[in-house]
2 protein chains.
Amino acid sequence: MERLRAGDARALARAVSMVENREPGSSGLLKALFRHSGRARILGLTGAPGAGKSTLVDHLARHYRAENRTLAIIAVDPTSPYTGGAILGDRIRMQHHFSDAGIYIRSMATRGSLGGLAGTTADVAMVLDASGRDLIMIETVGVGQDEVDIVRLADITIVILVPGMGDDVQSIKAGIMEIADIFVINKSDREGAERVEREIRALQSLATRSDNWTPPIVKTVASEGTGVAELAGAIAAYESFLSTRNLALGRRLQNWRDRLLEMLRAAMLDRARAQMGDGEVERLALEITEHRRDPYSVIEEILNRLQPQSRANSDVPH
Amino acid sequence: MERLRAGDARALARAVSMVENREPGSSGLLKALFRHSGRARILGLTGAPGAGKSTLVDHLARHYRAENRTLAIIAVDPTSPYTGGAILGDRIRMQHHFSDAGIYIRSMATRGSLGGLAGTTADVAMVLDASGRDLIMIETVGVGQDEVDIVRLADITIVILVPGMGDDVQSIKAGIMEIADIFVINKSDREGAERVEREIRALQSLATRSDNWTPPIVKTVASEGTGVAELAGAIAAYESFLSTRNLALGRRLQNWRDRLLEMLRAAMLDRARAQMGDGEVERLALEITEHRRDPYSVIEEILNRLQPQSRANSDVPH
């Protein structure tokens, strides 16, 4: 704890691994660190594979390091057991920033656990926050509900699109467009950048946000560093919008409402699974597969057994 | 129930709506129908937006109707509240099959509920199965965990790729490639079809399936109907493989293992939410946002209150 809070990189790496793997003691660590968190600004960056997220994040990192802010980057990586490994490699990216203790980079794989990735990412971000980093950038491939849940953690959400990747705007997960605070059109020297911009504008014209912020569209060519300063400017403008209107707290409150229920659901499933045991799951699954029982009654029975003091089911056959 | 089982289309539509919207009585309906289900063959078809899924499904539907098999098509549709409506339209598609009572088509939107889409789709498929349809085709955009969960419902999973849509194989959600029983390269008259085929073969060379089935690759041009008969042939070959090796039951058993836990999780969250009430969630979220309490201790307390008879937490601070 002390070494972590003093900025010790090895203690940080150890704590992050503990939390990521849910090792014994990680719960106590999280409880103890929580009160030191809440100071870091969290940026979420999301976009389809090949949109240039990593390059853009690297340029932003250099920009912020030049301002002497300390950083952590969490790259959430949709690893597949089939392809057998991370697509991104910290190793390659670490080489750039190797000698700079002000940047901490961590790749996270999608664990096998159902829906657990967003929760783990949130916990890791909290540890990094508590360790005193000024800025945490979470980058993720914007294609699934996991990704939507992850970018919801962020104070500021940046959606990265590129021209010429099919139906650009439509190919990104529905739900992500809505939560963008800033749009980036990367590789904007390519043909079709104007069309992407028109598509974003068309979407924006269909709905207004409750906070009346109109997400700006920033054009970049990340490979050449073009537009990175403008992006940093757009981020600063939104930060200032958040603070003058005192909206950051409201947004975090909304996140905690959602996350509390998500945490509760995950914890209850863990407990139920522990109490049932694999043998009972197996036996019930077999009975259902063979149509000897129906799954809806089975679930009701399990719930009633786990919580005998709770109310009876309100939804009865009629 | 009786009208539904007799094939009455209006009773079927009413039952599907009840289940989709979780109306009162839907639980009783599901319980009663379950024992009549398990007879239909379920095909899952998935691919990126623009891959030509609907056209291919329509051609397959005609093929099977010519064999006098009754069909249902469930089009799972990533609707966004932002874009304000279904991208697919049953209405347009219904026109083709308007006069044919042997085809039932239903579009399903992604409801706001966290992770509930796969469960609802499974329930709707079960109703269609119990109503006596021979074949149920579920088509979905293969980009998220929801989609992976949905195609897991199927007896046979077909992944549709097209040439020239960027990194074709990489752009599809990791996790979907692994569960393909048959690959389709649609729009295969386009340049790049051979490259897509090579990429699939390269992926296949990295891992073998536990059942030793090598998913065939079928080339189609759905807009012209080319390759549809070959695809139907590949489906029949896999069906025959499943039945001679008696693998279908094992696959359904695996699905039920996963689904039971998912149903339990959803049901427990419902119950927890009902017991806590919005007021308490709000109050706790505020205390956490203001860092007066940590979320990890809050969750433990709620769990202990809900289940006072259960064991104490094994993960204590140290």
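Residues numbered from 1 in each chain as written. Chains lettered and ligands numbered in written order. Predicted model: local features only at pLDDT ≥ 70, side-chain atom pairs only at ≥ 80, totals over all residues.

A. Main features of the overall build of chain A. When you go through chain A residue by residue, the secondary structure sums to 12 helices and 7 strands. The proportion of buried residues among the 318 residues of chain A is 43%. In chain A, the proportion of contacts linking residues at least 24 apart, taken out of those at least 6 apart, comes to 73%. (Helix = DSSP H or I, 4+ residues; strand = E, 2+ residues; numbered from the N terminus. Buried ≥ 20, exposed ≤ 12 C-beta atoms within 10 Å, placed from the backbone. Contact = placed C-beta atoms within 7 Å.)

B. Structural context of the confidence of the model for chain A. Residues and elements named next belong to chain A. Across chain A, the average pLDDT comes to 80, with 80% of residues at or above 70. Confidence scores differ between elements of chain A, with helix 8 (residues 168–171) showing the lowest mean pLDDT of 51 and strand 7 (residues 217–219) the highest of 97. Contacts of residues 79–91 to residues separated by more than four positions or lying in other chains number 28 contacts, the stretch itself having pLDDT below 50. Within the model, pLDDT remains below 50 along residues 308–318, and this stretch shows 11 contacts once partners closer than five positions in the same chain are excluded. Interface confidence for the predicted complex, given as ipTM, is 0.76, next to a pTM of 0.65. (pLDDT = per-residue confidence, 0-100.)

C. Expanded view of the environment of Thr214(A). Checked against the element boundaries, Thr214(A) lands in the loop between helix 9 (193–206) and strand 7. Separated by 24 residues in sequence, Thr214(A) and Tyr238(A) have C-alpha atoms that sit 10.0 Å apart.

D. Representation of the pairing of strand 5 (residues 156–161) of chain A in the model. All names here are of chain A. Within strand 5, 6 of the 6 residues are buried, which leaves it mostly tucked inside the rest of the structure. Taking every second residue as pointing to the same face, both faces of strand 5 are buried, with Ile156, Ile158 and Ile160 on one and Thr157, Val159 and Leu161 on the other. Sheet analysis places strand 5 next to strand 6 (residues 182–185), joined by 4 bridges and oriented parallel. Each residue of the ladder has a partner; that of Ile158, found in strand 6, is Ile182. (Pairing = 2+ DSSP bridges.)

E. Spotlight on helix 2 (residues 9–20) of chain A. Residues and elements named next belong to chain A. Its 12 residues place the ends of helix 2 16 Å apart at the C-alpha level, agreeing with the 16 Å of an ideal helix rising 1.5 Å per residue. Those residues of helix 2 that sit buried are Leu12, Ala15, Val16 and Val19. When helix 2 is viewed along its axis, its buried side chains cluster within an angular range of 100° and face the same direction. Following helix 2 by one or two positions, Arg22 has its phi on the positive side, about 50°. (Expected span 1.5 Å × (residues − 1). Arc of directions from axis to C-beta.)

F. Looking closely at helix 6 (residues 117–130) of chain B. All names here are of chain B. Taking 1.5 Å of rise per residue, the 14 residues of helix 6 would be expected to cover 20 Å, and the 20 Å separating its terminal C-alpha atoms lies within 8% of that figure. By the criterion of burial, helix 6 is predominantly enclosed, with 14 of the 14 residues buried. Note on helix 6: the residue one or two positions beyond its end, Gly132, has a positive phi of about 105°.

G. The packing of helix 3 (residues 26–34) of chain A against helix 6 (residues 117–130) of chain A, seen in detail. All names here are of chain A. Direction vectors running N to C along helix 3 and helix 6 enclose 50°, while the axes themselves pass 10 Å from each other. As the angle between them shows, helix 3 and helix 6 are arranged oblique. Where helix 3 crosses over helix 6, the two elements pack in a sense that is left-handed. Here Leu30, Leu33 and Phe34 of helix 3 lie close against helix 6, whose contacting residues are Asp123, Met126, Val127 and Ala130. (Axes fitted to C-alpha atoms, helices over the stretch in contact; angles between N-to-C directions. Parallel < 35°, antiparallel > 145°, perpendicular 65-115°, else oblique. Left-handed = near helix turned anticlockwise from the far one by under 90°.)

H. Examining the pairing of strand 5 (residues 156–161) of chain B more closely. Sheet topology note: the strand 1 (residues 41–47) of chain B/strand 5 of chain B ladder contains 5 bridges and is parallel. The partner of Leu45(B) across the bridge, within strand 5 of chain B, is Ile158(B).

I. Region of interest: the environment of Met263(A). On the secondary structure map, Met263(A) appears in helix 11 (residues 247–289). Every residue in contact with Met263(A), bar those within four places of it in the chain, is listed here: Gly119(A), Pro295(B) and Ile299(B).

J. Local environment of unusual backbone geometry. Residues and elements named next belong to chain B. Positive phi is not limited to glycine here, since Asn68 has a value of about 70°. Checked against the element boundaries, Asn68 lands in the loop between helix 4 (53–66) and strand 2 (71–77). For Asn212, which is not glycine, the phi dihedral falls at a positive 65°. Relative to the helices and strands, Asn212 resides in the loop between helix 9 (193–206) and strand 7 (217–219). The exposed category is assigned to Asn212, around which 8 C-beta atoms lie within 10 Å.

K. Seen up close, the packing of helix 2 of chain A against helix 3 of chain A. All names here are of chain A. Contact pair helix 2 / helix 3: the axes reach a minimum separation of 9 Å and the direction vectors enclose 120°. Looking at the two axes, helix 2 sits oblique to helix 3. For the element pair helix 2 and helix 3, the recorded crossing hand is left-handed. Residue-level inspection shows Ala15, Met18 and Val19 of helix 2 in contact with helix 3, the latter providing Ser26, Leu29 and Leu30. Among the residues forming the contact of helix 2 with helix 3, the class breakdown is 5 nonpolar, 1 polar and no charged. (Nonpolar A, V, L, I, M, F, W, Y, C, P; charged D, E, K, R; others polar.)

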